[in-house]
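Residues per chain, in single letters:
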Amino acid sequence: VNPAVPRPLPLALCLLLGPVATLGAQSGTPADYNALRTPASPAFVLLGVEPSSVERPNTPADFAASILSATSNLSSLPKDFALETSPFWLLRHARNSWQDDVRRNLVQSVARTFTLSVATSELGTADQPVRGLAASGRFSLLSGRLPDSSIRAIRELEQALASSAEKELRILAPLFDDALTRAMASATTQEDSLARLALYDEMKLSIIAELSRTGVIGSDSAELRRKAERIATARTGVMVDVAGGAAWRAPSAVIDSADFDRWGVWLNASYTTPDVSFIALARYLGFDGTSHDAFDVGGKFVYTRDRYAVSAEYVGRHIKGDQGGDQWRLAGVLDYRVTSTLWLTGTFGRSFDDQARGSLLAQLGLSLNLSRERYTFGGE
Amino acid sequence: MITKEIDGNIFVIDSAFYPVKPGSQVSLTVQVGDFQAGGTSYSWQGKQELGRPNFQDHVVNGGGAKIAGTILHCMTKVLDIRPDTNQTSVTFTLKGGVQDRSFPYGVQVASDHGVAVYQITFIFVEQTQ
C-alpha cells in the first residue's frame, strides 16, 4: 500500500549487479548503492541494511504509534528499526478521483511521491556496540502518466462495479423497503423516526449478511478483484526521481555521541514505454573521512517483449582522493522467458576495475521472478 | 452508520432523512474519492438506475414525479486500485431539496484490491415550512 515499497528487483538484474556490489564494497560504497536506480529507501542503502520488517503506517495515528513504540516514548534509540512513510498518503483525499492522477503537475508529483524513511541498525560488536542511524527522503519531480491501456482497464472495472451493484440492489431494494416499513411501523414523532434509523441499518446489515452467506450477493467479488489485479499501475513517460539521505554512527547507542558518517544523493531520469525504457542516473556518495567519495554517472537501455528482454548498461565512476581514479563498467543482459515465472538469463560484460578478480562478467542461469512486471524503472 | 466486514468485503451501511419541498426536483451526485475505482447503482420507486459508472447531477425524480415520502437506495462498490493506500471514500450529494447536502463516507479496506460496498438509503421527507 505504500509508494515507498520497492518493487522486487528482478533476480536477473540482481545477478547482473552482483559483481558490481562486490567491487562497491571494496571501494567503501554500500552494496545496494550500486543498483542502477534511485533507491526507494535511501536510508536503508546508506546504512547497508535490508530490514526484514519495515513499519509502513497508513494513518497519522499509526505513524505516531510506530515512532512512540519503537523509541519507548522517545526515550531511547531503537536497535533495529525501519520505517517508511509517505505523508500525502497518510491523509484522506475524498475529493480526488483516480482521473485526477492520470497526469501530475510538478507540485502534485512531488507531494504524491515524497517518501520518508528512517532506519537504525547495530553496526558494532557485543563488546563495542555502535548504533547506526540513517534518514532519507525521496520524490519524483516528474512522474509520467497513467498509460491509456490502464485508463481503459479502470473504466471497464468501474462499469463492472456499477453493474454488480445494480444486480445486487435489484435483489436488496424490495427487502430494504419491507424492512423500513417494519422499522418505522410504530414511530410517531420525528425524534422517534431518527432513532429507528439505527434499527433499520441493523436490519439491512442482517439482510446483506444472510444473502452474502448464501452466495446470493457478493459472489462476483473475486472476479472483480482479478480484474483489478490485471490493471498495471506502473506509470509511463518521462520520470525524474530525486533521493538523498545521511547516516550517523552512535557508539554505545547514545544519541548525544552520534557522529556524522556518510551521505548520498541520487538523480534518476527515465523514459518508459511498455516496450522500451531508457534510464540515466547520477549519484554521489560522500564520507566523513574514512573512505573516498564516489561519483557515478550511468545509463541503461531495456527492450522488452513478451518472451524476452535485452538490456545494456554503462556506469562510469570517479573516486576522489590520492588512491582514487576513474573506472567504468559495461554490461549486457539477455533474458528469455521459459515459463511465466522462470527466466533464462545471460550476463556479459566488464566490471569497474579490470585488474580486480571477477571483473569479467559472464554468467548464465535460471531465475525465478514472481513480479508481474519484470522491468520497472522510475518512481512507482 | 455501520461498518462491517462480510465475506471479505467491507460494508458501510447508513440511512438518512433528506427534507424536500412539494415539487422538489432532487439530483444525485456520487463521487468516489481517494483515487480509487468505483461504480454506483440506485433504486427509486422500484426502478433501477445504472451509473456510468457513477452519477453527476443526475435527476432522481424526472418528469415532475413526486419525491416526498419516497426512498432512494444507493449502492456504490469501490475497489482499491492504489498501491499507495487502502483508504476508500464516497461522497453522496443531494441537491434540490430544502437545502443541498453532502453525505461523506470513508473506510479502509484490509488489503490491496479489497472491496468496499457503500449502501446508503435516503428517505425523502416533506418539509412544508
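Now for a look at the structure at hand.

Residue and element names in this part refer to chain B. Taken in spatial order, the four strands line up as E6-E3-E8-E9 in an open sheet, and their pairing is antiparallel. Of all the strands in the sheet, just strand E6 (58-59) and strand E9 (101-108) have a single pairing partner and so form its edges. Of the pairings in the sheet, the one linking strand E3 (residues 27-33) to E6 comprises two bridges and is antiparallel in character. Looking at E6, one finds that Ser 27 is bridged to Val 59.

Let us look at the packing of aromatic side chains. Enumeration over the complete set of coordinates arrives at 14 aromatic pairs over all chains. With a centroid separation of 4.9 Å and 80° between ring planes, the pair formed by A:Phe88 and A:Trp89 is classed as edge-to-face. Both residues of the pair, A:Phe88 and A:Trp89, count as buried. By the ring-pair criterion, three or more aromatic residues cluster together here, those being B:Phe92, B:Phe103, B:Tyr105 and B:Phe122. It is A:Lys204 that lies over the ring of A:Phe176; its NZ or CZ is 5.7 Å from the centre. A:Arg350 extends its terminal NZ or CZ atom over the ring of A:Trp328, reaching a point 3.8 Å from the ring centre.

With mixed pairing, the six strands of this open sheet are ordered in space as E1-E2-E10-E7-E4-E5 (chain B). Looking at which strands have only one partner, the edges of the open sheet turn out to be strand E1 (2-6) and strand E5 (47-50) of chain B. Across the sheet, the mean angle from the axis of one strand to that of its neighbour is 20°, orientation sign disregarded. In this structure, strand E4 (residues 37-44) of chain B lies alongside E5(B), joined through four bridges in antiparallel fashion. Note that in E5(B) the partner of B:Ser43 across the bridge is B:Gln48. Strand contacts of helix H7 (residues 190-213) of chain A: E1, strand E2 (9-20), strand E7 (71-79) and strand E10 (115-126) of chain B, with the helix running at about 145° to E2(B), the strand carrying the most contacts.

Procedures and definitions
Residues numbered from 1 in each chain as written. Chains lettered and ligands numbered in written order. Predicted model: local features only at pLDDT ≥ 70, side-chain atom pairs only at ≥ 80, totals over all residues. Heavy atoms only, no water. Pairing = 2+ DSSP bridges. Helix = DSSP H or I, 4+ residues; strand = E, 2+ residues; numbered from the N terminus. Phe/Tyr/Trp six-rings, centres within 6.5 Å; stacked < 30°, edge-to-face > 60°. Buried < 20%, exposed > 50% of the residue type's maximum accessible area, 1.4 Å probe, protein only. Lys NZ or Arg CZ within 6 Å of the ring centre and 35° of its normal. Axes fitted to C-alpha atoms, helices over the stretch in contact; angles between N-to-C directions. Contact = heavy atoms within 4.5 Å.

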